[in-house]
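Observations on the model geometry
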Amino acid sequence: MNNRQRMRVSNRKAVLWLLKSGYDDIWLKPHTKRHDLIYNTGEWYRALDLWNLFDGICFDTDGNIVLIQIKTNAWASKKPIEDFLADKKNLKVLVINVKYGKKWTVETREYNT
């Protein structure tokens with residue numbers, strides 16, 4: 001299985017886990033060769049992912065917005081997520097690690113503002 005195929009399978013496993021866990025309206029940003037232009041009060045920049053960090057967005061069971069980062073066989077770095085959340089309010093980040101081995105497993109870590 002090549003990297004792109006593994007990413008698709010991993011994303012599918014993550015989405016199924018999210019749905020089973022009560023998350024809803026899950027949106028994953030497609031990875032394409034085109035980048036989005038992010039406007040801010042500092043310097044504008046181009047990003048492949050949402051704010052160059054997140055693969056998607058969904059709602060939890062309480063209707064709160066949850067930013068999603070999905071990794072295969074690895075955990076996302078903690079510092080960039082904590083730096084992003086430092087000046088934000090009422091946000092939750094869910095990092096999903098889909099482990100690929102003899103059996104696919106899904107593990108999560110949650111960060112809150």
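To keep things clear, this report deals only with the structure shown in the data block. (Residues numbered from 1 in each chain as written. Predicted model: local features only at pLDDT ≥ 70, side-chain atom pairs only at ≥ 80, totals over all residues. Heavy atoms only, no water.)

1. Here we look at the overall build of the protein chain
Basically, it comes down to this: Starting at the N terminus, helices and strands are each numbered in turn, a helix being any DSSP run of H or I of at least four residues and a strand any DSSP run of E of at least two. Computation of the radius of gyration draws on C-alpha atoms alone. For the globule rule, the value is 2.2 Å times the number of residues to the power 0.38. Burial classes follow relative accessibility: with a 1.4 Å probe on protein chains only, a residue under 20% of its type's maximum area counts as buried, one over 50% as exposed, and anything between as partly exposed. Whether two residues are in contact is decided by their heavy atoms, any of which lying within 4.5 Å being enough.
Scanning the protein chain from N- to C-terminus turns up two helices and seven strands. Going from N to C terminus, the protein chain has its helices and strands arranged as α-β-β-β-β-β-α-β-β. For 113 residues, the compact-globule formula gives about 13 Å, and the C-alpha radius of gyration of the protein chain, at 14 Å, lands near that figure. Dimensions along the principal axes, computed over C-alpha positions, put the protein chain at roughly 45 × 35 × 25 Å. When burial is assessed residue by residue, the protein chain has 31% of its 113 residues classed as buried. If you take every contact in the protein chain between residues at least 6 apart in sequence, the share linking residues at least 24 apart comes to 51%.

2. Quick word on the side chain of Ser10
By the secondary structure assignment, Ser10 is in helix α1 (residues 3-20). In this structure Ser10 comes out as buried when scored by relative accessible area, which is 0%. In contact with Ser10, other than residues within four places in its own chain, are Ile70, Lys71, Thr72, Val98 and Trp104.

3. What about the sheet that holds strand β6 (residues 92-99)?
For clarity, the threshold we go by: Only strands that DSSP links by at least two bridges are regarded as paired with each other. Axes here refer to lines fitted to C-alpha atoms; in helices the fit is confined to the stretch in contact. Angles between the N-to-C directions go from 0 to 180 degrees.
One open sheet accounts for five strands, arranged β1-β4-β5-β6-β7; its pairing is mixed. Looking at the sheet topology across the chains shown, the edges are occupied by β1 (24-28) and β7 (105-112). Averaged over all pairs of adjacent strands, the angle between their axes in this sheet comes to 25°, without regard to strand direction. Where strand β5 (residues 65-72) meets β6, seven bridges bridge the pair, whose relative direction is parallel. From the neighbouring strand, Thr72 faces β6, where its bridge partner is Val98. Helix α2 (residues 78-85) contacts β5, β6 and β7 of the sheet and is inclined by roughly 35° relative to β7.

4. Details of the packing of aromatic side chains
Applicable threshold: Any pair of Phe, Tyr and Trp rings, taking the six-membered ring for Trp, is counted once the centres come within 6.5 Å. Such a pair is stacked with planes under 30 degrees apart, edge-to-face with planes over 60 apart, and tilted for the rest. Charge-over-ring contacts are defined here by two conditions on Lys NZ or Arg CZ: a distance within 6 Å of the ring centre and an angle within 35 degrees of the ring normal.
One pass over the structure, following the stated rule, counts five aromatic pairs. Chaining the aromatic ring pairs together yields one cluster made of Trp51, Phe54 and Phe84. Lying over the aromatic face of Phe84, Lys88 brings its terminal NZ or CZ to 4.3 Å of the ring centre. Across the ring face of Trp75, the terminal group of Arg109 is positioned such that the distance to the ring centre comes to 3.9 Å.

5. Some remarks on unusual backbone geometry
At Trp51, a position not held by glycine, the phi torsion is positive, near 55°. Structurally, the position occupied by Trp51 is in the loop between β3 (45-47) and β4 (56-59). One non-glycine residue, Asn90, lies in positive phi territory at about 55°. With respect to the element layout, Asn90 can be found in the loop between α2 and β6. By relative accessible area, which is 73% here, Asn90 ends up exposed.

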